[in-house]
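# Per-entry structural report
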Amino acid sequence: MTDSPVRPDTLPLHMRRDRFTPAPELAELRTADEIPLVRTAFGTDAFLVTRYDDVREVLGDATTYSNAAGIALRRPGGPQPSEEEIERARAGNLLAQDPPEHSRLRRMLTREFTQRRMARLEPRIVEIVDDHLDALEKAGPGADLVAEFALPVPSLVICELLGVPYADRAEFQARSSRLLDLSLPQQERLAVSRESREYMSRLVDGAQADPGEDILGMLVREHGDDLTHDELTGIAGLLLIAGHETTSNMLGLGTLALMENPEQADAIRADPELARPAVEELLRWLSIVHSGVARVTTADTALRGTAIPKDSVVICSLPSANRDPASGVDAPERLDVRRGVPGHVAFGHGVHHCLGAPLARMEMTTAFPALLRRFPTLAPAGEVPASAFRAYHFVYGMHTLPVTW
């Protein structure tokens, strides 16, 4: 967390928000005739795609808009990883792969994240949520919802799924937070990336020596001859970071949104059937992942009449797309937990649609109603300052959220 709030005008356009609301310039760009060029967090230019239909077109075309080249993007003039490091970082990282390599890796993991597998996990998720609600209640009014609930719940779930020692959670949470903080110097983020990879490599060594019943153990037992050590390391690293960063920030930011819209929170308390549509609406309305991985064009192309040359960087604004009236949502700027409209792009779209979406949905449909019912008078413990929001992070959310009841 930075010592002072980041000024909005220093943020790349697609990352600018006023609490829950994306920058108004993004809505203006949706009505423009051309796709604009903007400056990214890496100091390079990129085409910024803001319309719902255009975002789906880009995300749905992995041949023209490549993920694999995006991992090599770095700030000009900064320290650069070697080609060997880039290839090792790409290995096993589904977000840094294109088909057919991406398809090969995803097939090995898909059965671990099916709706059926998530249903079997539900009793354990309920237990984890209840345990942390007990801890939150014990901490008393003024407790930090992020530290006591939003962060530890998904962290424990993903630790158990992957076979990661929960005792290491503070260490890997701190690393992942720094890794996703785009305001940090590139040298520091590169060093953190290397530390994180070394940690995951040691976990893979342990799984190869004695594979357990977790996902890493399954991969070693069933695909050990097909996956290299670097691929196993990359898979584990991606699942660990994505498995707790996204859900924890949805729980923190989503709870604040509900506390500031008490009639919506009351509706969820009163009707257990609202949990699923409420989660879909919060995913759409908050869109905590600003853009996902930057794409690089593999050939000259055009989008909405704008010529986009080969090797251009393309960024998709997910919050803008999800608030586009053309998405089919009535009054998309308004939060309405009763509608739960499907088709949002908060989890992406196409071949890179979030593999862990069923797990995230299960955690949130369990955690939000349980939290609201346990604390019917839940409210922020004072004014929520701008510095509480993770403005410059790849995954938007909250550093801290003191609450009372």
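Here goes a summary of the coordinates provided. All values reported here derive from a predicted model rather than from experimental measurement.

### Description of the overall build of the protein
- Each helix and strand in the protein was counted, giving 15 helices and eleven strands.
- By principal-axis analysis of the C-alpha atoms, the protein measures approximately 55 × 55 × 40 Å.
- Taking all 405 residues of the protein together, 55% fall into the buried category.
- The contacts of the protein with a sequence gap of at least 6 include a subset with a gap of at least 24, amounting to 74%.

### Some points on the packing of aromatic side chains
- Overall, the coordinates contain three aromatic pairs when judged by the stated rule.
- Taken together, a centroid distance of 5.4 Å and an interplanar angle of 35 degrees make the contact between Phe-20 and Trp-285 tilted. Of this pair, Phe-20 sits in the loop between strand S1 (17-18) and strand S2 (21-22) while Trp-285 is found in helix H13 (residues 275-286), placing the two residues 265 residues apart along the sequence.
- Classification of Trp-285 by relative accessible area gives buried; the value is 9%.
- Between Phe-389 and Tyr-396, the aromatic rings sit 6.2 Å apart at their centres with planes inclined by 15 degrees, giving stacked as the arrangement.
- Taking NZ or CZ as reference, Arg-169 lies 4.1 Å from the ring centre of Tyr-166, over its face.
- Over the aromatic face of Tyr-199 sits the side chain of Arg-175, whose NZ or CZ is 4.8 Å from the ring centroid.

### Points about unusual backbone geometry
- The amide bond that connects Pro-99 to the next residue, Pro-100, takes the cis arrangement and shows omega of 5 degrees.
- With respect to the helices, strands and loops of the structure, Pro-100 is situated in the loop between helix H3 (83-90) and helix H4 (101-110).
- Positioned with a positive phi, Ser-287 is a non-glycine residue whose angle comes to about 40 degrees.
- Positionally, Ser-287 belongs in the loop between H13 and strand S6 (295-297).

Here is what the cut-offs are and how they apply
- Residues numbered from 1 in each chain as written.
- Predicted model: local features only at pLDDT ≥ 70, side-chain atom pairs only at ≥ 80, totals over all residues.
- Heavy atoms only, no water.
- Helix = DSSP H or I, 4+ residues; strand = E, 2+ residues; numbered from the N terminus.
- Buried < 20%, exposed > 50% of the residue type's maximum accessible area, 1.4 Å probe, protein only.
- Contact = heavy atoms within 4.5 Å.
- Phe/Tyr/Trp six-rings, centres within 6.5 Å; stacked < 30°, edge-to-face > 60°.
- Lys NZ or Arg CZ within 6 Å of the ring centre and 35° of its normal.

Interpretation in functional terms is not warranted from these geometric data alone.
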